[in-house]
Amino acid sequence: MGYQKVISEVRPRLAEMMGANATDVVFLDDASSGLNAVLRSLPWQPRDVLLLTTAAYAVLPNTGAWLKRRYNIQIVQVEVSFPASGPESFLDPLEQTLRQLPRPCRLRLAVFDHVSSYPPAILPVSRLAKMVKAWFPDALVLLDGAHALGQVPIELGQLEQAGVDAYVTDGHKWLMAPKGSGALWASRSVQDILEPAIISSDNSPETTFQKRFDYIGTRDYSSWCAMGAALDFRRMLGGEVRLQRYTSELAKWAGQMMAEAFGTETVVPVSMTPSMFAVRLPIAATQSEACAGFIAEGLIQNYSMLVISFGLHTNSSTDLTHWIRVSSQIYLDRSDFHDLASAVLTLRASCKDIGRPGGQLDDIAI
């Protein structure tokens with residue numbers, strides 16, 4: 001098959017970018033299919049434990065719920081609070097959770113984000129993996145790197161030494177590859193038990209790890225092949241170090257600038273900020289959700305700006321606070337974020353009556 005020659009050329013380049021051996025990397029449609037491949041391949045037994053954090057993307061608790069119904073496993077969630085002051089905001093809750101697990105306990109798998117989505121943060125994944133292995137040496141550690149590829153450096157050799165057993169990522173986000181492109185890395189100790197979400201006609205029992213994933217039935221494999229073009233494009237623009245440094249430094253600056261302009265805060269410190277950041281909106285609790293939605297919609301309709309709006313119960317308040325997730329990119333500069341901050345403040349002024357008696361969202365013109 002022609003596409004197999006192409007992906008055989010793309011695979012070592014992708015593996016090099018991830019700090020991995022090419023023999024340990026397979027292609028996927030997306031990170032969700034990789035998460036399912038790992039979670040649904042493990043030999044779950046009743047009362048086994050799957051450990052997640054409360055910051056996990058929805059595919060994980062949803063798949064966990066299916067596993068619970070199917071195998072009667074236990075789901076344990078590590079409560080992570082935001083804003084986070086540093087790595088200890090993740091490490092301390094994990095240690096407390098591991099300490100409180102009943103003994104004996106079969107912790108089968110722990111899953112952590114490399115870069116979380118809502119809210120965005122770089123997690124101390126090496127230290128998290130080491131902690132899990134220190135308490136439960138037989139447990140497996142899986143990292144969800146959906147947002148990592150092309151946004152932050154990935155060093156799977158180092159992560160494997162820290163105790164990471166599998167890693168999934170997306171190509172259609174920060175790598176700029178097409179939708180339908182992703183990758184799974186697995187340590188050789190677990191490759192034999194992993195199966196793709198779709199078991200095809202070529203998956204005989206003796207099929208090797210890569211061959212099991214390289215053909216998953218009749219589909220368009222061009223998105224996997226096109227990851228090579230994405231890598232070429234990024235190299236033409238200056239390479240990974242230059243691109244990631246630019247977007248990361250821009251996001252760090254923009255987050256601090258907007259927090260000062262709003263009189264609020266960012267959700268994590270600069271040291272944990274990737275190329276996207278979350279800043280708290282300058283709206284009162286009485287305005288709350290309606291105003292947050294008004295601002296997000298107004299940015300699209302009036303300014304052609306798109307941000308992700310979400311709510312958080314923060315450490316210091318029982319009220320729901322509202323935040324926007326903003327992404328940096330190579331085609332943006334500081335002026336774009338000044339424009340965004342100004343637009344948010346203009347919209348905030350327009351929604352000042354929302355939540356007051358008689359205040360109607362539909363009556364407000366922007």
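Residues numbered from 1 in each chain as written. Predicted model: local features only at pLDDT ≥ 70, side-chain atom pairs only at ≥ 80, totals over all residues. Heavy atoms only, no water.

In the nomenclature of an unreviewed UniProt entry, the chain corresponds to Aminotransferase class V domain-containing protein from the organism Durusdinium trenchii.

(A) Inspection of the overall build of the chain at higher detail. Across its full length, the chain carries twelve helices and twelve strands. A globule of 366 residues ought to have a C-alpha radius of gyration of about 21 Å, and the chain, at 22 Å, matches this closely. Viewed in the frame of its principal axes, the chain has a C-alpha envelope of about 70 × 55 × 35 Å. Residues classed as buried in the chain amount to 54% of the 366 residues present. When contacts within the chain are restricted to residue pairs at least 6 apart in sequence, long-range pairs at least 24 apart make up 70% of them. (Helix = DSSP H or I, 4+ residues; strand = E, 2+ residues; numbered from the N terminus. Rg over C-alpha atoms; globule rule 2.2 N^0.38 Å. Buried < 20%, exposed > 50% of the residue type's maximum accessible area, 1.4 Å probe, protein only. Contact = heavy atoms within 4.5 Å.)

(B) Looking closely at the side chain of His322. Counting through the fold element by element, His322 comes out in strand S12 (residues 320-327). Judged by its relative accessible area of 6%, His322 falls in the buried class. A distance of 3.4 Å separates a polar atom in the side chain of His322 from the backbone nitrogen of Glu289. Residues contacting His322, with those up to four places away along its chain left out, are Val279, Arg280, Leu281, Ile283, Ser288, Glu289, Ala292, Phe310 and Gly311. (Polar contact = N/O pair within 3.5 Å; in protein donor to acceptor, adjacent residues only side chain to side chain.)

(C) Focus on the packing of helix H10 (residues 240-262) against helix H12 (residues 334-350). Across the interface, H10 lies against H12 with an axial gap of 10 Å and an inter-helix angle of 30°. Taken together, the axis directions place H10 and H12 in an arrangement best described as roughly parallel. In this structure, H10 meets H12 at a crossing whose hand is right-handed. Contacts between H10 and H12 involve Leu250, Trp253, Ala254, Met257, Met258, Ala261 and Phe262 on the former and, on the latter, Arg334, Phe337, His338, Leu340, Ala341, Val344 and Leu345. Residue composition of the contact of H10 with H12, by class: twelve nonpolar, one polar and one charged. (Axes fitted to C-alpha atoms, helices over the stretch in contact; angles between N-to-C directions. Parallel < 35°, antiparallel > 145°, perpendicular 65-115°, else oblique. Left-handed = near helix turned anticlockwise from the far one by under 90°. Nonpolar A, V, L, I, M, F, W, Y, C, P; charged D, E, K, R; others polar.)

(D) Representation of the sheet that holds S12 in the model. Reading across from one edge, S10-S12-S11 is the order of the three strands in this open sheet, with antiparallel pairing throughout. Strands with a single pairing partner mark the edges of an open sheet, and in this sheet they are strand S10 (276-280) and strand S11 (308-313). Across the sheet, the mean angle from the axis of one strand to that of its neighbour is 35°, orientation sign disregarded. Of the pairings in the sheet, the one linking S11 to S12 comprises six bridges and is antiparallel in character. Looking across to S12, one finds that Gly311 is bridged to His322. Set on the sheet, helix H11 (residues 288-303) makes contact with S11 and S12; between it and S12 the angle comes to about 15°. (Pairing = 2+ DSSP bridges.)

(E) Examining the nonpolar core more closely. Ranked by size, the top nonpolar core spans 68 residues in total, and within it Phe82, Phe90, Leu94, Leu98, Phe112, Val132 and Tyr167 carry the most contacts. Of all the elements, helix H1 (residues 2-17) adds the most residues to this core, at six residues. In this structure, Val26, Leu50, Val59 and Phe213 belong to the second largest nonpolar core, which totals 29 residues. (Core = buried A, V, L, I, M, F, W, Y, C linked by side-chain atoms within 4.5 Å.)

(F) Summary view of the sheet that holds strand S4 (residues 107-113). In spatial order, the strands read S1-S9-S8-S7-S4-S2-S3; together these seven strands make up an open sheet with mixed pairing. Two strands lie at the open edges of the sheet, namely strand S1 (25-28) and strand S3 (74-78), each paired on one side alone. Across the sheet, the mean angle from the axis of one strand to that of its neighbour is 20°, orientation sign disregarded. Bridge count between strand S7 (residues 140-145) and strand S8 (residues 166-170): four bridges; the pairing is parallel. Opposite Asp144, over in S8, you have Val168 as the bridge partner. With respect to the sheet, H1 is in contact with S1 and strand S9 (182-186), its orientation differing from that of S1 by roughly 110°.

(G) Layout of the packing of aromatic side chains. In this structure the tally under the stated criterion is nine aromatic pairs. Seen from their ring centres, Phe27 and Trp224 are 5.7 Å apart, and the 20° between their planes marks the pair as stacked. In this pair, Phe27 sits in strand S1 while Trp224 sits in helix H8 (residues 222-225), placing the two residues 197 residues apart along the sequence. Exposure class is identical for Phe27 and Trp224. Each is buried. Aromatic pair Phe209 and Phe213: ring centres 5.4 Å apart, planes at 65°, arrangement edge-to-face. Of the two residues, Phe209 and Phe213 both sit in helix H7 (residues 209-214), four residues apart, roughly one turn of that helix. According to the relative accessible area criterion, Phe209 is buried, its value standing at 6%. In this structure Phe213 comes out as buried when scored by relative accessible area, which is 1%. Taken together, the aromatic side chains of Tyr3, Phe27, Tyr215, Tyr221 and Trp224 make up a single cluster linked through ring pairs. (Phe/Tyr/Trp six-rings, centres within 6.5 Å; stacked < 30°, edge-to-face > 60°.)

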